[in-house]
Amino acid sequence: MLSTEDDILRAAEGWRREGRAVALATVIETWGSAPRPVGSHLVIDGDSRFLGSVSGGCVEGEVITEALDVIEDGRPRTLEFGVADETAWRAGLSCGGRIRVFVERID
Amino acid sequence: MRLDTLSALNAERAARRAALIVTDPGDGSQRLVRAAAIDADPLGPLLRERLRSGRSGLAEGPDGRPVFVAVHAPPVRFVVVGAVHISQALVPLAGQLGLDLAVIDPRTAFASPERFPGVRLIAEWPDKALEEIGPLDAYTALAALTHDPKIDDPALVAALRADCAYIGALGSRKTHARRVERLTAAGFDAAAIGRIHAPIGLDIGAVSPAEIALSILAQLVATLRKGRIEDRIKAPDAARAGA
């Protein structure tokens, strides 16, 4: 309400219209002290360029890797990250929270 | 997301109209629900509540499957009437909160870029200035801070007509009593006038301009976040006057 994801969604549309392959990641659920609120977006193109944030930098690398797979096969995925997660050592949230991120292709 | 859905969403946002995206995270199916179409939607009451609270999140769909509801409400604009000392203190705080701020004041001695560097500043009377800013709406907050009814009143009238999300007016209870008389004479009923937070700001004992600015923004955030219908922050006497 008090801030806007406007630029990211506009960028997602603009990138796709330019003919780039584009995926959109959205925080759909958070537990504990998550760094970015539900509804936050990260837009990724086929060359791993990205804009926005789903975790303030903690797990973006992992999300981008998954986004490239989504761009490839078009199948949306839901990813989960947190310190309790087995991936914590490579993509964990130092804040101790957990987040779930939905990644979809823009078709 | 389909590109046409994304385009339609961005078009609603550009027009400052609220919209929601309902997604089934299981299969990725998705639809856009415009604010005007909420009541006809199978998830109507849920979507209405989500839009009111401004909170995106998972919910139960009609068939029991989880759906993700993304709320896209327009960014809140904050129109400050009066290029006064308090307004100078409001500028940095409002910026931190992500409010899209505009300051209007026809008195060019007050509305000078030296006093308000980097701020959208309109040195016009409210009627003219509001034309320039664009129509006030339910996602606009307005604070009248000049102490001058010639400037404050037309802005307050415009804000009441537009059903602005938050309306506040500076001035003592005595000043506000006279304001109520003028607005009543102008045809507004007690319920409408009761929507004006006056004296403006949460009662935190604010003294300095920065403290008053903080009290105004705290009240604005409380009104936006907690919903203006069940406004528990509002003083009981003000709530009664608005009933």
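Note that the structure is a prediction, hence the values are computed from the model and not measured.

## Comments concerning the domain arrangement of chain B
Taken domain by domain, chain B consists of domain 1 (3-72) and domain 2 (77-242). Centre-to-centre, using C-alpha coordinates, domain 1 of chain B lies 31 Å away from domain 2 of chain B.

## Remarks on the nonpolar core
Residues and elements named next belong to chain B. Grouped together as the largest cluster of nonpolar side chains are 50 residues, with contacts concentrated most on Val80, Val81, Leu101, Val103, Leu142 and Ala144. The greatest single-element share of this core, amounting to six residues, is contributed by helix H8 (residues 209-226). Setting aside residues up to four positions removed in sequence, Leu142 forms contacts with Val79, Val81, Leu136, Ala155, Ala159, Cys164 and Ile167.

## Here's the deal with the sheet that holds strand E3 (residues 50-52) of chain A
All names here are of chain A. Read across the sheet, five strands follow the order E3-E2-E1-E5-E4 without closing on themselves; strand pairing throughout is antiparallel. Of all the strands in the sheet, just E3 and strand E4 (77-82) have a single pairing partner and so form its edges. Between one strand and the next, the sheet's axes are offset by a mean angle of 20°, whatever the strand orientation. As judged from the eight bridges shared by strand E1 (residues 22-31) and strand E5 (residues 98-105), these two strands associate in the antiparallel manner. Each bridged residue has a counterpart across the sheet, and for Thr30 the counterpart in E5 is Ile99.

## Re H8(B)
Residue and element names in this part refer to chain B. Helix length check: H8, at 18 residues, gives a terminal C-alpha distance of 25 Å against a target of 26 Å (1.5 Å per residue), a fit within 8%. For H8, the full list of buried residues reads Ile212, Ala213, Ser215, Ile216, Leu217, Gln219, Leu220, Thr223 and Leu224. Considering only its buried residues, H8 is in contact with helix H3 (85-96), strand E8 (140-144), strand E9 (166-169) and strand E10 (196-197).

## Focus: the packing of helix H4 (residues 126-133) of chain B against helix H5 (residues 149-161) of chain B
Residue and element names in this part refer to chain B. Interaxial distance between H4 and H5 falls to 9 Å at its minimum, and their mutual angle equals 45°. Considering their axes alone, H4 and H5 lie oblique with respect to each other. Along the contact surface, H4 presents Pro126, Asp127 and Leu130, while H5 presents Ile151, Pro154, Ala155 and Ala158. Of the residues that constitute the contact of H4 with H5, the class distribution is six nonpolar, no polar and one charged.

## Focus: the UniProt feature "domain: XdhC Rossmann" (unreviewed entry) in chain B
When the UniProt feature table is mapped onto this chain, "domain: XdhC Rossmann" (unreviewed entry) is found at residues 79-220 of chain B. Segment residues 79-220 of chain B splits into 44% helix and 15% strand. End C-alpha atoms: 12 Å apart.

## Looking at the sheet that holds strand E5 (residues 77-81) of chain B
All names here are of chain B. Pairing is parallel in the open sheet, where six strands are placed in the order E7-E6-E5-E8-E9-E10. Among the strands making up the open sheet, the edge pair consists of strand E7 (120-122) and E10. Examined bridge by bridge, E8 and E9 share four bridges and lie parallel to one another. In the strand pairing of E9, Ala143 is matched with Gly168.

About the thresholds
Residues numbered from 1 in each chain as written. Chains lettered and ligands numbered in written order. Predicted model: local features only at pLDDT ≥ 70, side-chain atom pairs only at ≥ 80, totals over all residues. Domains from an automatic or database assignment. Core = buried A, V, L, I, M, F, W, Y, C linked by C-beta atoms within 7 Å. Buried ≥ 20, exposed ≤ 12 C-beta atoms within 10 Å, placed from the backbone. Helix = DSSP H or I, 4+ residues; strand = E, 2+ residues; numbered from the N terminus. Contact = placed C-beta atoms within 7 Å. Pairing = 2+ DSSP bridges. Axes fitted to C-alpha atoms, helices over the stretch in contact; angles between N-to-C directions. Expected span 1.5 Å × (residues − 1). Parallel < 35°, antiparallel > 145°, perpendicular 65-115°, else oblique. Nonpolar A, V, L, I, M, F, W, Y, C, P; charged D, E, K, R; others polar. UniProt positions renumbered as here; feature names shortened; annotations may be inferred.

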